[in-house]
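Remarks on the overall topology
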Amino acid sequence: MDLTTTYMGMTLKNPIVPSASPLSKDIATVKQMEDAGAAAIVLYSLFEEQISGESHELDHFLSFGADTFSEASSYFPDMTDYNMGPDEYLNHIRRIKESVDIPVIGSLNGVSTGGWIEYAKNIADAGADGLELNIYYIPTSTSLAGTDVEKMYLDVVRDVTASVSIPVAVKLNPYFSSTAHMSAQLAAAGADALVLFNRFYQPDFDLEALEVAPRVELSHSHEMLLPLRWVAILSPQIDVDFAITTGVHTHYDVLKGVMAGAKVTMMASELLANGVGRISQILQSLVDWMELYEYESIVQMQGSMNQRNVAEPAAFERANYMKVLQSYR
Amino acid sequence: MANGTQRRMVTIDGNTAVAHVAHATNEVIAIYPITPSSPMGEMADEKSAKHATNIWGTVPTVVEMQAEGGAAGAVHGALTTGSLTTTFTASQGLLLMIPNMYKIAGELTSTVFHIAARSVAAQALSIFGDHSDVMAARSTGFAMLFASSVQEVMDFALISQAATLESRVPFLHVFDGFRTSHEIMKVEELTHDDMRAMIDDDLVRAHRARGLSPDHPAIRGTAQNPDVFFQARETVNPFYIKTPGIVQKAMDKFAKIVGRQYHLFDYIGAPDAERVIILMGSGAETAEETVNYLTARGEKIGMLKVRLYRPFSAEHFLGALPATTKTIAVLDRTKEPGAAGEPLYQDVITTISEGFADGTTPFTRMPRIIGGRYGLSSKEFTPAMVKGVFDEMTKAKPKNHFTVGIIDDVTNTSIEFDRDFNIEPDDIVRAMFWGLGSDGTVGANKNSIKIIGEGTDNYAQGYFVYDSRKAGAQTISHLRFGSRPIHSTYLIKKANFIAVHQFVFLERYDLLDYAEEGATFLLNSPYHADEVWGHLPRTIQEAIISKNLKFYAIDAYEVAKETGMGVRINTIMQTCFFAISGVLPEDEAIDRIKTAIKKTYGKRGEAVVQKNFAAVDAALSHLHKIDVPAQATSTIEKPATVPDAAPEFVKTVTAKMMQGRGDEIPVSMLPIDGTYPSGTTQWEKRNIALEAPVWDEDLCIQCGKCVLVCPHAVIRSKVYDETALEGAPETFKAVDARWKEFKGMKYTLQVAVEDCTGCTLCVEACPVKDKTQVGRKAINMEPQLPLRETERANWSFFLDLPEISRTDSVNFANVKNIQLLEPLFEFSGACAGCGETPYVKLVTQLFGDRAVVANATGCSSIYGGNLPTTPWTFNKEGRGPAWSNSLFEDNAEFGLGMRLTIDKQTEYARELVTLLRDDIGADLADALLSADQSDEAGISAQRERVAQLKDILAGNNGVKARDLLSLADMLVKKSVWIMGGDGWAYDIGYGGVDHVLASGRNVNVLVLDTEVYSNTGGQASKATPLAAVAKFAAGGKPTIKKDLGMMAMSYGYVYVAQIAMGANDAQTVKAIMEAEAYDGPSLIIAYSPCIAHGIDLASGQGHIQTKLAVETGYWPLYRYDPRRHQEGKPPLKLDSKKPKRPLKDYIYNEARYKILVKTNPAKADELLAAAQDAVNAHWHKYEQMAAID
């Protein structure tokens, strides 16, 4: 069975790519994922806040209390160098590149067009085959217009794509006023691929402590329906590669994603919950299903159910909404 | 250049100069931290940690010892086996080395000890500089070479190293603590080539060959009898005779290689001088500068710098003095009470007398020789004082054994001098900066000195004065720049640039007294440029007008906020300095500042660099020149330093110190024996908090946790009768008390906002959340300034409310009730959020009115006992803790001695009660002897009996009755507390702690465990945990923390507890009360969050970290009570739960651990795993022990 696909100019042996998660922090686990059949890997994200935050924090503690008291001009030894900012991450990329043969995609998570974009170049220089740009921004200000937010995204994409020669994917959120228009603009700004969608971790309340508590909830297959719809809508319209990244847990999810037009489907929750060995199981099930239904290749089914190719294109639009409500009744 | 190698000009302090040479010319370095020498050891350790090699290409081994005595022992051992070995120390540290120094010298062993000379504690400890330590080591047989400046420190470090190898006589290389050890100067850095050229490798090999080895065995260190000891002692004489010649030879060789010529004695002045001053150390620089100034004006005077003080070469000395000398003044920077004169004076007298008798002096008649003391404890020594000495020498009967620089109105030793005499040249830029420690002023100035010193041809000097507070510390930076070398080793008195980085200082100090005519005045002002003039105090306005000052202002805090700098205004003010001082062209200065920022902060990450760059750029646009009106218009007057209500001593003496005018206090006004009144911090309202806590009386559940955790005792509560509210200020808050015992009474929680440091621990500890606004608690931080006036009145009213009766039937083992007990330790100078002081305060609440406290040197002795004001106080009955600090190393023994006095005197008092039973009355006598004093009611009853006893005895003139009267208070139970940090308890004082615990006596040892030597800047102790980075453990401490508690438990009869207030306050209270009640030795180890942990101590993070330390099992809470064993129960009781969280959840919130992750991630992983294993094993061991009865 021919499972090969392409993604951002890379030929991949199948459409399953582990998405950014803590699993990629350990080189041995990355190797296991490769052995299980992962076609490529997106590394955990290097956060803008992490880069600047760690610097500020270190500076704060090294400076705090220094030169304030005659008996102690400082409280820590003067070290020659610190692995600040992306050093650790870049070393990790280098080590992973040495350990595996599959393409390695670095991930940058941030919102500003500041100095941290320099790290995109560093990631490329460290040997990453591609870069996924995760623009995670919660616009809470009432004075910030949607167009300003969109501009911020586009500026980042332009700056990053201009600074590196490796392909750049943009992982975006589903909350734009016009997802289609925004996606087209991102592509025009230089994105080689669009990854749908980022999952925003929503804070929870701890009623005992009366505190806002961060909460990580793994995804479920039903969450894939949102990106599935949008990949189906966008993939025939915009000439970039698409990836589906939320709610991919089974071979059915992979099949649906590919048929909607995704070049790859990305998973993390499934692997976190049930182990990286799930990749080989899903691949086997995928092959079994394709054999059962007499498919020859992944390429054959890619986009076969996108909005242009389905019998009822309105199913992806408002008409579908009405239909669903009626069916419920 | 003599040896062809290019030398760098570097801008460094004296300690750095030593470390540069000492590390390069030794193989083994044994160290122990002590101010002001600690940085030498730290730098040596850092060099080795960075694999810097010595001149032979190998990395010296640096080892931290448990005490200076231990360091000297290790040095002796390494020398005995043939290594080139050195150490660095000062003051008491040097005194602890003396026994080994006799041995090292007696065995003719080549070594150099580098000494940042410091006062030896007498009537008080002082960290500052004088020669009393090295003078105490005169008889050891060490040679002594004195350096006067940072350049000489570097040069003499090498010259002494070369000379010791040739002479075999060990050397003390001495320079003045702080004035030289911490003064930053532009100097020429010696190269390794210079050092190789100076050090004769044959002599190094000869030193090595003399090392003991089983391959050519010999014994050294024999015991000798009266038959030979004396003769053997005389065998060394030839070596001492040769040493001066060898030193001069080394100096000559150095001159050939480097170009700077020194002599054993260097004379400066008129060749036909009639008056000559002799001295050594940094004062010689000032004397030289003054002599040059006066001789240029025709005075026939001179001065002699003593370089090699031991062996004292009469020949070289006499050869250096002009034959015309008629009067000599010998200045000693030490005091030897009862001696015929101070040491250098006596040496000069002896040498000239002997020479005159032998006819070897150049004099035709015996000069008059007088001696004087100057500069003790870094007391200023100025050109005015030098001139004063020369003036005194012109008198027909000059004072001998005089003092200069103080006013001695008791024995009238002091000589007069013209305080306005000023020789500072106009071509030197003199800049003074007033700042806070936390605003980064000193750091910025250090940077500026480097920019000018290393980036231009100018010479630069920096010296920094700090107050002795750790929270809200004030700093004054003295910077000089000029085109020629600077020899002014004294503070600036007239500056042509004055910067005040804190507006509030204008109201406190007469800062512009230091400004000369036409000077530039830069002010950080919270007010807009067109408003600032109106907010200046009148005296400041007048000074600006009368001195014709150029006045600039900037709201640096606004710029800092805009650019993400927080409260650090260092870069901003530095930029302003360069912009308006004219030291460098503005553009060049900005470039250099940015280069320096990149160099200083680059390794901390680009974000930090960018933040500072932004601050530089924003600074200039916010800087304004202020138009100065012709007339002063302000009605703002400087407030009184202390209120009228303060005691007379505080008003006349303490207040002067608080104003920075302590130099003006005459001898007669100071206590004769170091005994000072208690409770003086209450008179110093420092107002250092930007925000202070405000009580929400409606939300409050009156649990008292905020009162308990407050490190500075600024939050208090009282329960009182409603009638007491009469006359309360309008804003005074009172609600119904929520106690069943106090039904119908009122409760107030009051904050002393003027004494608060703004640490927010109270808010962190408050368990209440507002149901309508959960981010709000029952105590919340609000801006302090608007609260100041009202809360000052409220606090005053609160203090006058009656205290709760300690004999009421309230259980004081309950945390809620403890809030009602008056603390007798308040408003200390400890860091905001200090983790130690809540424990100290708690002890005073529980036992303060009958406590005797022995306090080891360290943070707790500094915030507890450093003048001007001290926090240990007393209650309305006049009772409070009796506190003293002896030394660092002897505190447990010191406290035991206090116990012995109490036990002995109590025993004698009881004997006398029995003896005088008939006079006293049988009932009272029996009651006194059988009193149950196990609780507050019992103690109170006994106090009443003692009062009756005193009444009865008052009229009795019998010898025994008078004795009993003098001892009667001993019949009331006393509580002995031995307190100190981990450096004391785990390291230097451990032997004493162990012995005192083993003694079985009823003492309470409280270890305030910050896990490093906090006071001296965070050096590792044996309490430092595995995986933490500290000074002397830069690569992460590879070994586990010593289990002090387990060691004490091994005795079986010592009460031992490990506590952590932030994690379990009830257990803390219980342990402290049990320990005190236990009639035997007790050890309490208290987890104390510290600035050296790299946490936001000033933002309440210590509280959170304490909880995590316990929850992760790193700091198990336990109580080992020998009494339980007698009851057939396991004596050890674990008070915390089995750890459920991994250690990393706790440690990686702290910079001390995270630094290792950032510098050596693999090592961090390895040590984290080892630390987690250690925690697991430790818990397992304790769990098992807790099951053994």
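Residues numbered from 1 in each chain as written. Chains lettered and ligands numbered in written order. Predicted model: local features only at pLDDT ≥ 70, side-chain atom pairs only at ≥ 80, totals over all residues.

Quick look at the interface of chain A and chain B
Put simply, the test is: A pair of residues counts as a contact when their C-beta atoms, built from backbone coordinates, are separated by no more than 7 Å. A helix here means a DSSP run of H or I that spans at least four residues, while a strand means a run of E at least two residues long, and both kinds are numbered starting from the N terminus.
Counting residues at the interface gives 35 residues for chain A and 40 residues for chain B. In terms of residues, the side of chain A that touches chain B owes the most to one element, helix H2 (residues 48-63) of chain A, which gives 10 residues.

Description of the nonpolar core
To keep things clear, this is the line we draw: The term nonpolar core refers to a set of buried Ala, Val, Leu, Ile, Met, Phe, Trp, Tyr and Cys residues connected through C-beta atoms within 7 Å. Each residue is classed by its C-beta neighbour count within 10 Å, where at least 20 other C-beta atoms makes it buried, 12 or fewer makes it exposed, and intermediate counts make it partly exposed; the C-beta atoms are placed from backbone geometry.
Ranked by internal contacts, the top residues of the largest apolar core, which has 436 residues, are A:Ile41, A:Leu131, A:Val170, A:Leu194, B:Ile278, B:Ile498 and B:Ile1084. No other element matches helix H6 (residues 150-167) of chain B, which puts 10 residues into this core. Beyond its immediate stretch of four places on either side in the chain, A:Val170 contacts A:Leu133, A:Ile135, A:Val157, A:Leu186, A:Ala191, A:Leu194 and A:Val195.

Some points on the environment of B:Thr1016
In this structure, B:Thr1016 sits in the loop between strand S32 (1012-1013) and strand S33 (1019-1020). The exposure class assigned to B:Thr1016 is buried, which follows from the 27 C-beta atoms found within 10 Å. Each C-alpha atom, one on B:Thr1016 and one on B:Thr35, is 6.6 Å from the other, the two residues being 981 residues apart in sequence. With residues near it in sequence (within four places) discarded, B:Thr1016 still touches A:Glu71, A:Ala72, B:Pro33, B:Ile34, B:Thr35 and B:Ser38.

Here's the deal with helix H6 (residues 179-188) of chain A
Residue and element names in this part refer to chain A. The cut-off we apply is this: Of all possible arcs, the one meant is that of the directions from the helix axis to the C-beta atoms.
If you check which residues of H6 are buried, you get Met182, Ser183, Leu186 and Ala187. Down the axis, H6 shows its buried residues gathered within 140° of arc, on one side only. In this structure, the buried side of H6 is in contact with helix H5 (146-163), strand S7 (168-172), strand S8 (193-196) and helix H7 (225-234). Looking one or two residues beyond H6, the residue adopting positive phi is Gly190, at roughly 125°.

Regarding the sheet that holds strand S4 (residues 41-47) of chain A
Strand pairing in a sheet relies on backbone hydrogen bonds. The paired strands run either parallel or antiparallel. Residues and elements named next belong to chain A. We apply this condition: Any two strands are treated as partners once DSSP identifies two or more bridges connecting them. Simply put, an axis is a line fit to the C-alpha atoms, just over the touching stretch for a helix, and the angle between two N-to-C directions goes from 0 to 180 degrees.
Strand order in the open sheet formed by eight strands is S3-S12-S11-S8-S7-S6-S5-S4, and the pairing between neighbours is parallel. Since the sheet does not close on itself, it has two edges, and those belong to strand S3 (16-18) and S4, each with one partner. Neighbour-to-neighbour, the strand axes of the sheet open up by a mean angle of 25°, direction not taken into account. Pairing geometry for S4 and strand S5 (residues 104-109), over five bridges, is parallel.

Thoughts on the pairing of strand S11 (residues 241-244) of chain A
All names here are of chain A. Inclusion rule: Note on handedness: a crossover is taken as right-handed if, strands pointing away from the viewer, the path from the first strand over the helix to the second is clockwise.
Alternating positions in S11 separate into two faces, Asp241 and Ala243 on one and Phe242 and Ile244 on the other, with burial throughout. By the bridge criterion, four bridges tie S8 to S11 in an arrangement that is parallel. Bridge pairing in S11 places Val195 opposite Ala243. With two bridges joining them, S11 and strand S12 (residues 264-267) adopt parallel strand pairing. Its bridge partner being in S12, Ala243 is matched across the sheet by Val264. In this region the chain leaves S11, passes through helix H8 (residues 251-260) and returns to the parallel neighbour S12; the handedness of that crossover is right-handed.

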